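Observations on chain architecture
If you want the building blocks of each chain, they are given just below.
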Amino acid sequence: MTGLGEHLSVQQPLIAALVAAGWTHTPGHRLERELESPFIERELTSALERLNPLVAEAPERAEEVLRPLRAALLSARGAGLVVANRDMAEWLRGGQSVRFLGAPHDVPVRLIDFDDPAANSLIVSDEVSFGVPGHMARFDLVLWVNGLPLAVVELKSPVKHQITWANGATELVRDYQPGWPEFFVPNVLVAASDGRELHYAGVGAPVEAWNPWGDFDEPYPLQGVLDAASDLLSPARLLSFLRDFTLFETPQDNASAELVKLVARYTQVQAVELIAERALDPERNRGLIYHTQGSGKTLAMVFAAARLLRDPAMQNPTIVLVADRLQLVRQLWDQFRTASMPRLVVPQSAAALRSALGQQDRRGMIFATVQKFAGAGVLNERSNIVLMADEAHRTQEGDLGTTMRASLPNASMFGFTGTPIAELNRSTFRTFGDELDDGRVLHSYDAGQSIRDGMTVPLHVSPRKVEFRLDKEALDEAFDALRTAEGLDEADADVLARRASRVSTFFGNPDRVRQVCADIVDHFYSHVDPSGMKAQIVVYDRAACVAYTEELRRLLEERGTGDEVEVVMTVEEAKGDDGAWLQYKLTEQDEERVLSRFRTYGDPLKFLVCTSKLGTGFNAPIEGVMYLDKPLKRHTLFQTITRANRTWRNPETGKDKRYGTIVDYVGLGDEFAEAMKPAQAGQDGPDIDEDALLEAFEQQLHVAMLRFAGLDHENPDGRTLIDAQQRMPKPADRDEFAASYLMLEGIWETLAPDARLNQHKSAYRFMAQLYENMKPAAAGENLLWQRLGAKTLELVHAHVLDVRVTSADEVVISDVDTIRDLLDKDELPGLAAVDGKTVEEIVDSIAQRLKKRLAGSNGDHPIYRSLADRLDRLREQALAAAQASIDWLRDAFALARDVTQAERAEDEGGADGLSLLPDPRIGALTAIFREAAPEQAPEMIERVVLDIDEIVRQTSFTGWAQTTQGDKGVRSEIRKVLRRHMLLKEPGLFERAYEYVAANY
């Protein structure tokens, strides 16, 4: 009896599924091929004759193609496997030519029929041998297209918990590819499965970079794996990966210049196929791609552009890639350039963009900022233009966005964003989404899906409290003295007081900067640096950038670590920036070198300071922590903190980054939850009656413009502003005008980019310019601040005292009176014996008793280990409020009681006595589940707890929580138990159960 092993339960069903998908099964030992050749040359020769007329005329010409193909195989040991794979991909895609003997010129050679996948020779073989005697490999499954081995699949047993798909992937990466690289030169993708999961990658990809295929909520049952494989490895899908979903690029760090092969993730494939379909739809020409930060949006854009450019139905299109900042355009360009995409154009000016899209009618790809479309007019009316906007929630939603869309009236437009805005007057869903799409989103991939698939990691927030005391009375006296000495009137004094009380004053306080930087350095070297990761520091403004950089450099020099800190910010001397900041000005090349160093493991540049420049588009997987000292909200907060959510593996230790840490010095609290909450089209409030709003706008504009009747606002001259001002001689007239304009502005911002507003643009702009002209000039205030601002700030900083940074991980120690007060209120019944002790004394007493027992003969007993863990967690909890204090004290006394019970059990019965006590892990899990279970089902609690305990004991292994795969496995098993007992939907239950298991198993 063979049992439910790899061959019977995985290999045979998988072959059957692939046959049903269009492949023909031929066992490996029956293939007509030499064992030392990766090709089935008979099949390849037949395909050459079938697909190439010149070869069909003279079949001997096939050898003239086979020779360079054989030579390409040998290059894998010299140039490297990925380089050889890239070069072979050009042959496979039909991008290479051969000049046959006697022929007058080169002709392209086709190896594969992409138009009709079924017209190719399609063979799936099991147990395929390759090599020479003494050095022979055997592959579980190989998929051949026209005799070319395009996919290799390694399989593992579905009934051995300690052996998974990752073991098979490791064999392919560590053993087969370096040992027999020639076989993988034509490879499109490699895959591995254990009957529970299916993962795949391109050659050269480390195991941690392998991806699951398909949108599944848990590791797949066998039928799920077979369905996923039937899709991923179907002839049409495999050839689509070769033609449309494979890229080669050079890494952005300095650690290696080796080429990397990228194959699309399932979510990118889904999005691109929807885009390709929508771009050919004559009725619908918009779509919103909502993919969470860090999940590969930019690569999805690259794959989409490549697919559209190659699609004959698009008739040689133009792809316009748009961002709102030069930095993002450069990052887009770099991504496309390093991926070897063809025909890239970056117009350097608005005139050059107009020429490229207008007079030149360029095809291929054009990169531009949205600002270059200003005043463009209609540039091109072709319908085979596709506009793709990166970070679509940004300025594409204003007038510039309207102008951009009007300049290409028949283009298809797709917005890519991880942070769509859903507000009354700004909605990414309304701007880019099609109203017939579900939720106005063409394709979505949220943070939860991304974390589940291992594409990104969770974010943990470590809050800090920055406290200080402002000696207001002394400050007022000092300020009065300054006012007297400088002879300031009340208005000037108000100006100084107003500017000095800005938020930036307190964020830039020198003592505060010193305290926060000291906390950053301490936290980094104790929690982050040992893992090999690095830190990004986001501060309030550019002045804070400079202050933090200088203080961090001082602290690092004191430590003598040799580590470095750099700042990335814009410095513009022409706009009046402090001359001392010029040393921090970076050219584009300098900035790229800094960012590349930061991304590189082992480079001493470990701290990167910025304020806003790296908020979007910056990708550094090695970033393990972000120190956030800047108030942010909603989509801006989400964009910023997700810089730390990229996956990363330490190249020396092999440990995965399990989560990114955000150390919060601002106290953003609920803002994190609000920022992480997915935006939805319906969140922008009730549907707007746009017709009624437009009617109100036109009526209000007509009434407002009556005041300026007779003025030519479309062709103003030197008298226009004077005449307009004379129409508002009294303050009441100006107030009435301002109120009218502000109402118009609100409606305009709500309706934009409605094309019906265009006819009113001239009058509205005239109103806006008049409103700006009416505002009080700030020149006098600026001069006053230049003269006395530094003195004023010096006064404020001198009276900000006792700055302290406290961590929420620290216990706040209550005093004796606090405990006595709780006892008097009967909040701690039956615990009068602690009267007169502080919480610190109680905890220390427990610690001393536990220390004594842990050092004894039964110190390794689970009871004592559990009690020690509880003590550690108790020390780490914070007393944030009175009720929390009471709860903490109750936990402390419960722990003391349980320690006493354990001591008594050991004294009376030794290890056997301890074993009679309830298993602490089972007891804690029981308590968690009792809170969620129906009252009528107490017996279910015991079953659920025992199921989880048993399964987790089997699934977990030493160090499981330190690896992505171990973590996913345990999560999956807990979900299975909860689903079986119909508890999966209980709010927060999975999270609480997982957190306990992670801490105790």
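If you're wondering where the values come from, they're calculated on a predicted model, not measured in any experiment.

The rules we used
Residues numbered from 1 in each chain as written. Predicted model: local features only at pLDDT ≥ 70, side-chain atom pairs only at ≥ 80, totals over all residues. Heavy atoms only, no water. Helix = DSSP H or I, 4+ residues; strand = E, 2+ residues; numbered from the N terminus. Buried < 20%, exposed > 50% of the residue type's maximum accessible area, 1.4 Å probe, protein only. Contact = heavy atoms within 4.5 Å. Areas by Shrake-Rupley, 256 points an atom, 1.4 Å probe, with all protein chains shown as cover. Phe/Tyr/Trp six-rings, centres within 6.5 Å; stacked < 30°, edge-to-face > 60°. Core = buried A, V, L, I, M, F, W, Y, C linked by side-chain atoms within 4.5 Å. Domains from an automatic or database assignment. Salt bridge = Lys/Arg side-chain N within 4 Å of Asp/Glu carboxyl O. Axes fitted to C-alpha atoms, helices over the stretch in contact; angles between N-to-C directions. Parallel < 35°, antiparallel > 145°, perpendicular 65-115°, else oblique. Left-handed = near helix turned anticlockwise from the far one by under 90°. Nonpolar A, V, L, I, M, F, W, Y, C, P; charged D, E, K, R; others polar. Pairing = 2+ DSSP bridges.

As for the overall build of the protein
- Counting its secondary structure elements, the protein contains 36 helices and 25 strands.
- Each of the 1001 residues in the protein was classed as buried or not, and the buried ones make up 51%.
- The contacts in the protein between residues at least 6 apart in sequence include a share of 73% that link residues at least 24 apart.
- Surface summary for the protein: the accessible area is close to 45700 Å², and the carbon and sulfur share equals 50%.

What about the packing of aromatic side chains?
- A full pass over the atoms with the stated rule returns 20 aromatic pairs.
- With a centroid separation of 5.8 Å and an interplanar angle of 80°, the aromatic rings of Y200 and F241 are classed as edge-to-face. Residue Y200 is found in strand β8 (residues 198–201), and its partner F241 is found in helix α8 (residues 235–244); the two are separated by 41 residues along the sequence. Each member of the pair, Y200 as well as F241, carries the same accessibility label: buried.
- Relative to F766, the ring of F708 lies with its centre 5.5 Å away and its plane at 85°, an arrangement referred to as edge-to-face. Of this pair, F708 sits in the loop between α24 (690–706) and α25 (720–726) while F766 is found in helix α27 (residues 761–774), placing the two residues 58 residues apart along the sequence.
- By relative accessible area, F766 is classed as buried at 7%.
- Put simply, the rings of F130, F139, W144, Y176, W180, F183 and F184 touch in pairs and so form one group of aromatic residues.

Points about the nonpolar core
- By size, the foremost hydrophobic cluster in this structure holds 116 residues, and its most contacted members are L111, I112, F184, F241 and M388.
- No other element matches helix α10 (residues 297–310), which puts nine residues into this core.
- Both domains that furnish three or more residues to this core are identified here as domain 1 (6–248) and domain 2 (264–453).
- Sequence-distant contacts of F184, that is, excluding residues within four places in its chain, are made with L81, N85, F139, V152, L172, Y176, Q177, V190 and V203.
- If you look at the next biggest cluster of nonpolar residues, it comprises 34 residues, including V528, V539, L556 and Y665.

Considering the pattern of salt bridges
- Evaluation of the coordinates by the stated rule reveals 38 salt bridges.
- Two residues, R554 and E558, come together in a salt bridge whose shortest N-O distance is 2.6 Å. Of this pair, R554 and E558 both sit in helix α20 (residues 542–559), four residues apart, roughly one helical turn.
- The class for E558 is exposed, based on a relative accessible area of 58%.

Concerning the packing of helix α2 (residues 41–51) against helix α4 (residues 62–74)
- Look at α2 against α4: their axes get within 10 Å of each other, and the N-to-C directions meet at 125°. Comparing their axes, α4 and α2 come out oblique. Note that α2 runs across α4; the crossing there is right-handed. Contact residues: α2 offers E41, L44, T45 and L48, while α4 offers A62, V65, L66, L69 and R70.
- Class assignment for the residues of the contact of α2 with α4 results in six nonpolar, one polar and two charged.

Quick notes on the pairing of strand β17 (residues 412–417)
- Across the six residues that make up β17, a large majority, six, are buried.
- With burial as the criterion, each face of β17 is covered, one bearing S412, F414 and F416 and the other bearing M413, G415 and T417.
- Where strand β12 (residues 286–291) lies against β17, five bridges are found, and the strand directions are parallel. Note that in β17 the partner of R286 across the bridge is M413.

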